[in-house]
Amino acid sequence: MDEAAYELVSPPARKADILFVCDHASNRVPEAYGTLGLEEGQFAAHIAYDIGAAQVTRALAAAYGAPAVLAKWSRLLIDLNRGADDPTLVMKLSDGRIIPGNRDADGAEVEKRLELYYRPYHAAIAEEISRLREDGVVPTIISMHSFTPVWKDFKRPWHVGVLWDKDGRLARPLMAALARAGFTVGDNEPYKGELENDCMYVHGTGNGLPHVLIEIRQDLIATPQAATAFARQLKPIIDEALAQMGPPAIRYTRSLPASEGAPPMDEKTRTELEAAAFRRLVAHLRTRTDVQNIDLMNLAGFCRNCLGDWYREAAAEKGIALDKDQAREIVYGMPPAEWKKRYQTEASAEQKAAFERASSSEAVGKK
Ligand SMILES: [Zn+2]
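Since this is a predicted model, take the numbers as computed values, not measurements.

Draft legend 1. Fine view of the pattern of salt bridges. Across all of its chains, the model carries 22 salt bridges by this definition. Residues Asp50 and Arg75 are paired through a salt bridge, measuring 2.7 Å at the closest nitrogen-oxygen approach. With Asp50 in the loop between strand E2 (18-22) and helix H1 (53-64) and Arg75 in the loop between strand E3 (68-71) and strand E4 (93-94), this residue pair connects regions lying 25 residues apart in the sequence. For Asp50, a relative accessible area of 2% puts it in the buried group. On the basis of relative accessible area, Arg75 is assigned to the buried category, the value being 8%. For Arg288, the salt bridge is made with Asp290, and the minimal N-O distance between the two is 2.9 Å. Residue Arg288 is classed as partly exposed on the basis of its relative accessible area, which comes to 35%.

In structure tokens:
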């Protein structure tokens, strides 16, 4: 490997619980690949990278005091925003043109690029996420991209596109804030944010972290100066959306992937099985009234109240409003105050001290 697959921007002192990523930051390819048989001029175009996206990412990371992971190599080499088994991972054609250096890329060549350039990039993102999690932070992931003003004679009307899948807690307020600031906003335009195993699917959805992908029209960020100015404009809008989203929490919107050797199952059956396991957990907790919430918290970082809150948050995602007590009653089987009266014992000094220690280092699932 002649160079690292990614560039990590680390702030001297982290000031925000955000991780920026930029999959299509670069139009370079490692020397051994030459120009992949293309003319030099094509590397200045969108087929090679997202014009302006890297500058916007760097400017935002600096403004926030947040880390950023940027790709070092062009998407022409390998597309970091695709699943490892996606047929467009190594593109043989782009905009109808054959890419000579990719045309004959066989399984071994693709595996080599995965190993040298793709996996290290995603490992770097995963590493940053675990670093933040170890700090007790639930990070928000913001992925920066850019799109061409015209595609196949269609003049794209949007200034900014917001791409998202099932988790709209940041995407929705961000679209509203962008619109209020006077931007024409594409809701899952010009692309859809629902590609399975793309970068946000793996690191955002897969970890239950709040996330969003922002696409900026390239004519607005065509020069480094314009990109920096655009980032300056974007920052208060992102601030507004983050404030509206509220404190980030872990929230899963997808079923866990099936494990190796598990029988194939449709989505509905899988959801029913997951619900059955949840119901059994709730039934179990209802019989084990001897187990105190504070002990659950101290041992595992969650308790009955957390389960109720997760239920309420999942309902809110579907537009169903429940208040805290209503949701918690689903877990307790009675109003929480009633359960407390019947079963909650006075916490010992030891339990309280353990709770203090746990809550200063652990943020999993808590508000
Ligand atoms: Zn892109």
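Let us keep going from here.
Draft legend 2. Region of interest: the packing of helix H9 (residues 304-317) against helix H10 (residues 324-332). Orientation of H9 relative to H10, taken along the N-to-C sense of each, is 120 degrees, at an axis distance of 8 Å. Classified by the angle their axes make, H9 and H10 are oblique. The handedness of the crossing between H9 and H10 is right-handed. For the pair formed by H9 and H10, the contact residues are Arg304, Asn305, Leu307, Gly308, Asp309, Tyr311 and Arg312 on the first element and Lys324, Ala327, Arg328, Ile330, Val331 and Tyr332 on the second. Class assignment of the residues belonging to the contact of H9 with H10 gives a composition of 6 nonpolar, 2 polar and 5 charged.

Draft legend 3. Here's a closer look at the domain arrangement of the protein chain. Once the domains are mapped, the protein chain shows domain 1 (6-245) and domain 2 (288-361). A C-alpha centroid distance of 38 Å is found between domain 1 and domain 2.

Draft legend 4. Quick peek at the coordination of the zinc ion. Donor atoms from the polypeptide that bind the zinc ion are His24 (ND1), Asp50 (OD) and His145 (ND1), placed at 2.0 to 2.2 Å. Mapped onto the sequence, the donors of the zinc ion take the spacing H-x25-D-x94-H. Pair noted here: Asp50 is in the loop between E2 and H1 and His145 is in strand E6 (residues 140-147), with a separation of 95 residues, a long-range link. With respect to class, Asp50 is no different from His145; both count as buried.

What counts, and at which threshold
Residue positions are given per chain, counted from 1 along the sequence in the order it is written. Per-residue local features are limited, in this predicted model, to residues with pLDDT of at least 70; the limit for side-chain atom pairs, both in listing and counting, is 80 or more; totals at the level of whole chains, interfaces and linings are taken over all residues. Note that the side-chain values use all heavy atoms of the structure and ignore hydrogens as well as water. Whenever Lys or Arg places a side-chain nitrogen within 4 Å of a carboxyl oxygen from Asp or Glu, that contact is recorded as a salt bridge. Secondary structure elements are taken from DSSP: a helix is a run of H or I of four residues or more, a strand is a run of E of two residues or more, and numbering for both begins at the N terminus. Remark: exposure states derive from per-residue accessible area (1.4 Å probe, protein chains only) relative to the maximum for the residue type, with buried under 20%, exposed over 50%, and partly exposed in between. The axes used here are C-alpha line fits, helices contributing only the stretch in contact, and every angle between their N-to-C directions lies in the interval 0 to 180 degrees. Between 65 and 115 degrees an angle is taken as roughly perpendicular, under 35 as roughly parallel, over 145 as roughly antiparallel, and anywhere else as oblique. Crossings are assigned a handedness: left-handed for a near helix turned anticlockwise from the far helix by less than a right angle, right-handed for a clockwise turn. Only heavy atoms matter for contacts: two residues are in contact if any of them lie within 4.5 Å across the pair. The nonpolar class holds Ala, Val, Leu, Ile, Met, Phe, Trp, Tyr, Cys and Pro. Asp, Glu, Lys and Arg form the charged class, and all remaining residues, Gly among them, are polar. Note that domain bounds follow an automatic or database assignment of domains. Note on donors: an N, O or S atom is included if it sits within 2.8 Å of the metal, or within 3.2 Å for Na, K and Ca, and water is never included, so sites can look incomplete.

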